[in-house]
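Single-letter residue listing:
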Amino acid sequence: MLPEIVDSAEFFDGCKNLIANKKTYDVALAELVNRGEVTIGSSKMGEEILKFRDNAVRGPIKWTESDASVHDMRRAMSKLEHEIKRLEQKAKKAEQDARLFIRQGDKNHAAHYLRQKKRALKEVEAKDNQYQRLLEMMQQLGRTKQNKQILDAYKAGADAFKATLQRQGISPEEIDETMDSIGDAIATAEEIQDAIAAGVPTSDSDELNKDLEAELDAILAGESSEADLIFKGLPDVPSEEPSVAGPAKTTNIAGTDSIAARLKRLREAA
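Summarised in this report is the structure supplied together with it. (Residues numbered from 1 in each chain as written. Predicted model: local features only at pLDDT ≥ 70, side-chain atom pairs only at ≥ 80, totals over all residues. Heavy atoms only, no water.)

Describing the nonpolar core
Ranked by size, the top nonpolar core spans ten residues in total: Val6, Phe11, Phe12, Cys15, Ile19, Tyr25, Leu29, Val38, Leu50 and Phe52. Looking at this core, the elements with two or more residues in it are helix H1 (8-14), helix H2 (22-35) and strand E3 (48-52). The next biggest cluster of nonpolar side chains, apart from the first, holds nine residues, and it includes Ile49, Met77, Tyr131 and Leu134. (Core = buried A, V, L, I, M, F, W, Y, C linked by side-chain atoms within 4.5 Å. Buried < 20%, exposed > 50% of the residue type's maximum accessible area, 1.4 Å probe, protein only. Helix = DSSP H or I, 4+ residues; strand = E, 2+ residues; numbered from the N terminus.)

The following block contains the structure:
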């Protein structure tokens, strides 16, 4: 995968197996520029630099000063890599020469090459620190770019969400009202369920039945007292059967039977 920013000469060298000559390369490059896939810039040293389109960025490609700085840092890192490799080879060669002179017994030359090795390794350490600092700066630039893309994605998502809510007619106030209505409906349903689970109350009916029975007993007791008074108020029955008193006796007995029948009916009704 090609980097976003690349030196034009390096890019041409990488395309030699596809493009016959520099003229064909220039024609193909001009076509890419016309399509908006690449733009041509220059470094601070006047080198021709190509900047390819980033799929995550919309709009035309723009060459900026930061792009030139990125190219310069990459060029410096590339030079440091070559220099570090050269110094490592130098240190390795000095160590081999030192071993050779040690085997020959020439300690002076061996010490000379060991000092060369030490200086080379010290330079390697210094250049490696420089390379690490440049690499950290490049990583920071990459993270900044990623953060910008993430922020743009957040903004786009927020705008889309707001547009959807507005299109659907949904607002926080409406949601609060709906949730309150749901809460009221649930509370009403729970009250109904509790009332059904409680069943029909029987305590009041029992008390009412007790009151009715007590009242009925009182009525029956009153009727019995009246009957006793009636019986006490009647004259004693003569031992001899009178000739004319037949109808009166029949009337009293009938009255007594009527009271007894009433008491019986009241008890049966109770």
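So, the pairing of E3
Counting buried positions over the five residues of E3 gives four, a clear majority of the element. Where strand E1 (residues 5-7) meets E3, three bridges bridge the pair, whose relative direction is antiparallel. Bridge pairing in E3 places Ile5 opposite Lys51. Bridge analysis of strand E2 (residues 38-42) against E3 gives five bridges, and the strand direction is antiparallel. From the neighbouring strand, Ser42 faces E3, where its bridge partner is Glu48. Linking E2 back to E3 in an antiparallel pair, the connection comprises five residues, with Gly46 at a positive phi of about 85 degrees. (Pairing = 2+ DSSP bridges.)

Overview of a negative patch on the surface
A cluster of acidic side chains, namely Glu173, Glu174, Asp176, Glu177, Asp180 and Asp184, defines a negative patch on the protein surface. Relative to the helices and strands, Glu177 resides in helix H5 (residues 172-198). (Patch = residues over 30% accessible without salt bridge, like charges linked within 9 Å, V, L, I, M, F, W, Y side chains within 5 Å. Areas by Shrake-Rupley, 256 points an atom, 1.4 Å probe, with all protein chains shown as cover. Salt bridge = Lys/Arg side-chain N within 4 Å of Asp/Glu carboxyl O. Lys, Arg positive; Asp, Glu negative; His and termini not counted. Charge placed at Lys NZ, Arg CZ, Asp CG, Glu CD.)

Observations regarding the packing of aromatic side chains
All chains considered together, the criterion is met by four aromatic pairs. The interplanar angle of 65 degrees and the centroid separation of 5.0 Å between the aromatic rings of Phe12 and Tyr25 together place this pair among those described as edge-to-face. Taken as a pair, Phe12 in helix H1 and Tyr25 in helix H2 lie far apart in primary sequence, 13 residues in all. Among the residues examined, Phe12 registers a relative accessible area of 15% and is labelled buried. Aromatic rings pair up to connect Phe11, Phe12, Tyr25 and Phe52 into one cluster. (Phe/Tyr/Trp six-rings, centres within 6.5 Å; stacked < 30°, edge-to-face > 60°.)

A look at the environment of Met73
By the element assignment, Met73 lies in helix H3 (residues 65-104). Judged by relative accessible area, Met73 falls into the buried class, the value being 12%. Sequence spacing of Met73 and Met138 is 65 residues, and the spatial spacing of their C-alpha atoms is 7.9 Å. Beyond its immediate chain neighbours, meaning those up to four positions away, Met73 contacts Leu134, Met137, Met138 and Leu141. (Contact = heavy atoms within 4.5 Å.)

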